[in-house]
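# Notes for the structure review
Now for the letters of each chain:
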Amino acid sequence: MGIQQMIMAAGGLDAYLVSKSLRFNGDDDAHLSRTFDSGGSVTTWTFSFWIKGSDLAQACYVFTGGTGTNSYITMDVGQFRFTSDAHDLKTNARYRDPAAWYHFVCVANTTESSANDRTTVYVNGTQLVAADFATHNQPNGSDDLGDFGSAAVHYINRLTTGSQQDFMLADIHFIDGTALDADSFGETNADTGQWVPIEYTGGSYGTNGFYLKFNGTDLGEDSSGNDNHWTANNLSTLVGNGNHASEVSGTPYSASYPITNMFNGLTNTYIAASSGSTTWTPVGGLSFTKLRAYLYQDSGTGEITFNWSGGSYTLSFTNATANYDWIDVTSNVTSPVTSIQWDTSGTTGPYVVGWEVDDVELIDNSFNADCDVSTDTPTPFDDGGNGTGNYCTMNPLQNIAGDTFSQGNLQVDTHSSNYGTHTSTLATPLSGKWYAEVTPTGSTVGYSIIGLVDTQAAHTTTSRHGIDLDGIGYYSSNGRRYIDQTSDTYGATYTVNDVIGIAYNADDQEAIFYKNNVSQGTISSVPLRHYYFGATDGDSGNGVTYEWNFGARDFTYTPPDGFKALNTYNLNTTTTLSGTYEGNGDADGPVIWMNATPATLKISSTNDPPQAGDAVTFSPTTVDPLAGGFKIRNASTNNGSGTTYYWLATTNRAFKYANAQSNE
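Residues numbered from 1 in each chain as written. Predicted model: local features only at pLDDT ≥ 70, side-chain atom pairs only at ≥ 80, totals over all residues. Heavy atoms only, no water.

A few words now on the overall build of the chain. Looking only at helices and strands, one finds 2 helices and 47 strands in the chain. Long-range pairs, those at least 24 residues apart, make up 71% of the contacts in the chain with a sequence separation of at least 6. When the accessible surface of the chain is summed, it comes to about 25200 Å², and 42% of that surface belongs to carbon and sulfur atoms. (Helix = DSSP H or I, 4+ residues; strand = E, 2+ residues; numbered from the N terminus. Contact = heavy atoms within 4.5 Å. Areas by Shrake-Rupley, 256 points an atom, 1.4 Å probe, with all protein chains shown as cover.)

So, in structure tokens, the structure goes:
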């Protein structure tokens, strides 16, 4: 699956970095729009963008010019099309790898004397020729290409009447008045042969040119210097900063006034408690220099009590003082607050809309799924946390009986009546520690099994459990675990809105499932395989919804120590190599060359590949790492004369072993 587009070697990590992408979800009517103040060139321009497809069965309108519907750039079931009233280019190829970022450059130059060069398309740095197109209708000399670049409305992910679909975009450049090739925006990485982004240094963007980076709170901000800003429609930058809702006890008046309304970043929703007490007990206390509450009072008088060690303060307010207003309580309350409590009678209040600490509004991590800005990008780099780059998602090509994939393929709405299993685009390596989270949502969790599957093939079964594949599963109904179709007592049951963490340790062949950050126990002796993250469709026809998180947004809970997100940055730091050698029984045994220094090593004469118990401890007297491999240092250990040994190594370019010998 687009391996060349997925992996970048460590040698390319100092290159130009695309730090953010923007996710468009069709059901949200998510799109960008702009009407240019004046007309630019309608004959000569360049449009460059990176795209990661999500809904591969529909037409994704990447760029639309004008009030008509004939000037657009689209991906239609993966088939790329660049068209207007004057021309039509439609590829034979279908670019529908959901694990890949693709780079496209569309060039208009209708004044060009060569007819075949008046409009052209580059894909990952390669210019397509006439034979690459199913339709190849070029414009006449000097024809206008519809309304592209004109003083008319333009859209990203929209026709004038809608047609929004699901995909992700990054690093968009529109150069008005200049025809450029792909080399202005990308280059081939010398180490990997992969086409990667570079900084555009080609000069002026022209009258209507723009550069969209998506790295701020203004999602339509133009970074070209032209101030050709776009309007973001139904796109969110909402990012969580804590598990605040889980700290609140009490029952909302109804499902329309949930506790999460206090932490959703909106100023028109609130919690209305039922009769009785609602209490917020921040874990570790709520420390602040400035503390404000956003309140609404319908009628009567509302009261909220703030408690701290040695004191309390009750805030009283009416509609006159709290009519959707921020109220500063800093001077009346002592930090840290240990709990906040309010009582209500019926639905007369108090209605709590939101909270702000030191000018930062508190947003619950559960709302991260609604954030359309992502660190899933074409360039892997160290972000000071879990690393970033091209992230794992769920795989819509492996669709079971009409399951619906959305939100950048991180949400799967299941509809199967045959207990199918959906899986991820990327699999875990044979080494390292890997972590993901998934939250079942909707009306029921059914008979859900969440876990790791050893195959990505589309799968259905008449078994309720849906696990007649080999893998490791955690069962919702009774908390049992499954290892290769065999079940055993394991942990607690789980239901909708429980966050299930999946931690797979390939180095030690262990797996741990977490329910709301509570370990359900270590599963040992897990078979060493490439595993895909996955889940069953649950009960027959009940329609479980799964919201997956592979780290492109903040995890709800901090991963266990040493566990990483499944993305190309983390895949680059460790490489798994394997092979065989024949022992010679000599006191000074054989050298095994692997063109790298091993960071970890497993050797076995019986297991292929070696298992956790085959791990080798490096020593100058047994097995010694070298600059280009490793050496067996004695006559007996892993060195039986004529015996074939299987080895499995992880490499790290920064690894250095002080005892490595020089007599290679």
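Burial of strand β3 (residues 44-53) is extensive: 10 of the 10 residues sit out of reach of the surface. Every second residue of β3 is oriented toward a common face, with Thr-44, Thr-46, Ser-48, Trp-50 and Lys-52 on one face and Trp-45, Phe-47, Phe-49, Ile-51 and Gly-53 on the other, all of them buried. Summarising the sheet, β3 and strand β8 (residues 102-109) pair through 8 bridges and their orientation is antiparallel. Each residue of the ladder has a partner; that of Trp-45, found in β8, is Ala-108. By the bridge criterion, 8 bridges tie β3 to strand β13 (residues 167-176) in an arrangement that is antiparallel. Bridge pairing in β13 places Ser-48 opposite His-173. (Buried < 20%, exposed > 50% of the residue type's maximum accessible area, 1.4 Å probe, protein only. Pairing = 2+ DSSP bridges.)

Overall, antiparallel pairing links the 8 strands, which are arranged β11-β7-β6-β5-β4-β12-β2-β17 in an open sheet. Of all strands in the sheet, those bounded by a partner on one side alone are β11 (133-137) and β17 (231-233). On average, adjacent strands in this sheet sit at an angle of 15° to one another, irrespective of strand direction. Pairing of strand β4 (residues 59-65) with strand β5 (residues 72-76), which is carried by 5 bridges, proceeds in the antiparallel orientation. Bridge pairing in β5 places Ala-59 opposite Asp-76. (Axes fitted to C-alpha atoms, helices over the stretch in contact; angles between N-to-C directions.)

Another point: the sheet that holds strand β44 (residues 598-604). The 3 strands are arranged β42-β47-β44 in an open sheet whose pairing can be described as antiparallel. Strands at the two margins of the open sheet, each flanked by one partner only, are β42 (575-582) and β44. For this sheet the average axis-to-axis angle between neighbouring strands, irrespective of direction, equals 20°. Across 6 bridges, the pairing between β44 and strand β47 (residues 644-651) is antiparallel. Bridge assignment links Leu-601 to a residue of β47, and that residue is Ala-649.

What follows covers the pattern of salt bridges. Pairing between side chains becomes possible if they bear opposite charge and their charged atoms approach one another. Per the stated rule, a full pass over the model turns up 11 salt bridges. As a salt-bridge pair, Arg-529 and Asp-484 come within 2.6 Å of each other at their nearest N and O atoms. Placement of the pair is Arg-529 in the loop between β39 (518-523) and β40 (532-536) and Asp-484 in the loop between β35 (481-483) and β36 (486-488), with a sequence separation of 45 residues. Three or more residues are tied together by salt bridges with common partners; here these are Asp-588, Asp-624, Lys-631 and Arg-633. (Salt bridge = Lys/Arg side-chain N within 4 Å of Asp/Glu carboxyl O.)

Let's shift gears to the pairing of β4. Counting buried positions along β4 gives 7 out of 7 residues, so the element sits mostly inside the fold. In this sheet, strand β12 (residues 153-156) lies alongside β4 in antiparallel orientation, the contact comprising 2 bridges. Following the sheet pairing, Gly-65 is matched in β12 by His-154.

So, about the side chain of Asn-505. Here Asn-505 lies in strand β37 (residues 500-505). Take Asn-505: its relative accessible area is 5%, and that puts it in the buried class. Those residues in contact with Asn-505, other than ones at most four positions away along the chain, are Gly-432, Lys-433, Glu-510 and Phe-563.

This part takes up the confidence of the model for the chain. Considering every residue of the chain, the mean pLDDT works out to 85; 89% of them sit at 70 or more. A low-confidence stretch, residues 653-664 stays under pLDDT 50, and its non-local contacts, those more than four residues away or across chains, total 24 contacts. (pLDDT = per-residue confidence, 0-100.)

Next up on the list: unusual backbone geometry. With an omega of 0°, the peptide bond between Ser-335 and Pro-336 qualifies as cis. Mapped onto the elements of the fold, Pro-336 is located in the loop between β24 (323-328) and β25 (337-344). Looking along the chain, the bond that leaves Asp-608 and enters Pro-609 is cis, with omega of 5°. With respect to the helices and strands, the residue Pro-609 is situated in the loop between β44 and β45 (623-626). Look at Gln-509: it is not a glycine, yet its phi comes out positive at around 55°. Topologically, Gln-509 is positioned in the loop between β37 and β38 (510-515).

Inspection of the secondary structure assignment puts Tyr-514 in strand β38. Residue classification places Tyr-514 among the buried residues on the basis of a relative accessible area of 13%. Sequence separation of Tyr-514 and Gly-501 is 13 residues, and the distance between their C-alpha atoms is 4.6 Å. Among all residues touching Tyr-514, those that are not within four sequence positions of it are Val-499, Ile-500, Gly-501, Ala-503, Ser-519 and Pro-560.

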